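Geometric and topological summary
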Amino acid sequence: MMIVVMGAAGNVGRPLVDALVAAGETVTAVGRRPIDGLPEGVVSRAADLADPQTLRPVLDGADALFLLVAGDDAHGILDAAKAGGVRRVVLLSTQGAGTRPESYRHAGAFEEAVTGSELAWTVLRPGGFDSNAYAWAPGVRAQRTVAAPFGDVGLPSIDPADIADVAAVALCGEGHAGRVYELTGPALTTPRQRAEAIGVALGEPVRFVEQSRDEARAQMLRFMPEPVVEGTLAILGEPTDAEQRISPDVERVLGCAPRSFADWLGRHVDAFR
């Protein structure tokens, strides 16, 4: 089976490529530009989800597609996938598409397009990523400081490697068509606790500085659309019961408990040194 992985250089896409190769699948890794350092045998192709026409040669002969919420023409992307022979699609969406649809309309539109297609589909709705802590790395390296809002609000963030493993199973295995999986980590952790864990991993204290909501909003608006910023701040500061729920879906799919933030940090601590 030939599987096309969009966003193959990303926090989920890169471990997904590795997982699929380990499972013996043929993989085409796609990004906006060619990707270096891929496993032997993986084909690197450049294409842009914002321009579905660039996808047609990439998807030709593919059986399955790992898709991100990117670009504005979900139907055009899916048409290109069908024309190439794709029969199965796994969409990486977001928890907010279910809990706060008014703020995550872009993801919701992709979900509607995918679930309304003629393809066998699976939707993944992860909560916050453990790798979001990379945003703290410059402050940790320079001043051993983490600045974040809502320091004592806990959420069950997830290791992107677990998302990748679930995606690999859904792309290769049976019994996942028509399913929406809520993906979380194994426990609630707060920004203050995650900052403390980084200090433990480094062997020296890391100071936590609590940002105001307005400070965090101004920072997020530099790289996120305003509706997504408002939805994200609401989740971080006033999460619903659903957003704090620890989902059993990772363990149901993989047969093992999801990794902890400490597990993720142990593999990536060099980013904070």
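Our structure's up above, just so we're on the same page.
All of these numbers come straight from a predicted model, not from anything done at the bench.

With that out of the way, let us pick up the overall build of the protein. Scanning the protein for helices and strands turns up 13 helices and 9 strands. For 273 residues, the compact-globule estimate of 2.2 N^0.38 gives 19 Å, and the C-alpha radius of gyration of the protein, at 19 Å, lies within 12% of that figure. Each principal axis of the C-alpha distribution contributes one length, and for the protein these read about 55 × 40 × 35 Å. Across the 273 residues of the protein, 50% fall into the buried class. Put simply, of all contacts in the protein between residues at least 6 apart along the chain, 72% involve residues at least 24 apart.

Taken as a whole and assessed by the stated rule, the structure comprises 18 salt bridges. Linking D159 and R267 is a salt bridge whose minimum nitrogen-to-oxygen distance equals 3.0 Å. Of this pair, D159 sits in the loop between β7 (145-149) and α7 (160-172) while R267 sits in helix α13 (residues 261-268), and the two are 108 residues apart along the sequence. R267 sits in the partly exposed class, given a relative accessible area of 44%.

To continue, consider the packing of helix α1 (residues 13-22) against α7. Here α1 crosses α7 at 45 degrees, and the two axes come no closer than 8 Å. When the axis of α1 is compared with that of α7, the two are oblique. Crossing of α1 against α7: the hand is right-handed. Contacts between α1 and α7 involve P15, L16, A19 and L20 from the first element and A161, A164, D165, A167, A168, L171 and C172 from the second. Along the lines of polarity and charge, the residues of the contact of α1 with α7 split into 10 nonpolar, no polar and 1 charged.

A separate point is the packing of aromatic side chains. Applying the stated rule across the entire model yields 4 aromatic pairs. Residues Y134 and W264 carry aromatic rings whose centres are separated by 5.1 Å and whose planes lie at 70 degrees to one another, so their mutual orientation is edge-to-face. Separated by 130 residues along the polypeptide, Y134 in the loop between β6 (120-126) and α6 (137-143) and W264 in helix α13 bring together distant segments of the chain. Between Y134 and F272, the aromatic rings sit 6.5 Å apart at their centres with planes inclined by 15 degrees, giving stacked as the arrangement.

Reading the values: rules and limits
Within any chain, residue numbers begin from 1 and follow the written order of that chain's sequence. For this predicted model, a pLDDT threshold of at least 70 governs which residues receive local features, and a threshold of 80 or more governs which side-chain atom pairs are given and counted, while totals over whole chains, interfaces and linings are taken from all residues. The basis for every side-chain value is the complete set of heavy atoms in the structure, and neither hydrogens nor water enter the calculation. Every helix listed is a DSSP run of H or I at least four residues long, and every strand listed is a run of E at least two residues long, numbered separately from the N terminus. Atoms considered for the radius of gyration are the C-alpha atoms alone. The globule rule reads 2.2 Å times the number of residues to the power 0.38. Note on exposure labels: buried denotes an accessible area under 20% of the residue type's maximum, exposed denotes more than 50%, and partly exposed covers the range between, all computed with a 1.4 Å probe on protein chains only. Whether two residues are in contact is decided by their heavy atoms: any pair within 4.5 Å suffices. The term salt bridge refers to a side-chain nitrogen of Lys or Arg lying within 4 Å of a carboxyl oxygen of Asp or Glu. Every angle, taken between N-to-C directions, lies between 0 and 180 degrees, and every axis is a line fitted to C-alpha atoms, over only the stretch in contact when it is a helix. Our angle categories are set so that under 35 degrees counts as roughly parallel, over 145 as roughly antiparallel, 65 to 115 as roughly perpendicular, and the remainder as oblique. Two helices that cross are described as forming a left-handed crossing if the nearer one is turned anticlockwise from the farther one by less than a right angle, and a right-handed crossing if clockwise. Asp, Glu, Lys and Arg are counted as charged, while Ala, Val, Leu, Ile, Met, Phe, Trp, Tyr, Cys and Pro are counted as nonpolar; the rest, among them Gly, fall into the polar class. Stacked, tilted and edge-to-face pairs are distinguished by plane angle, under 30 degrees for stacked and over 60 for edge-to-face with tilted covering the rest, among Phe, Tyr and Trp rings (Trp via its six-membered ring) whose centres lie within 6.5 Å.

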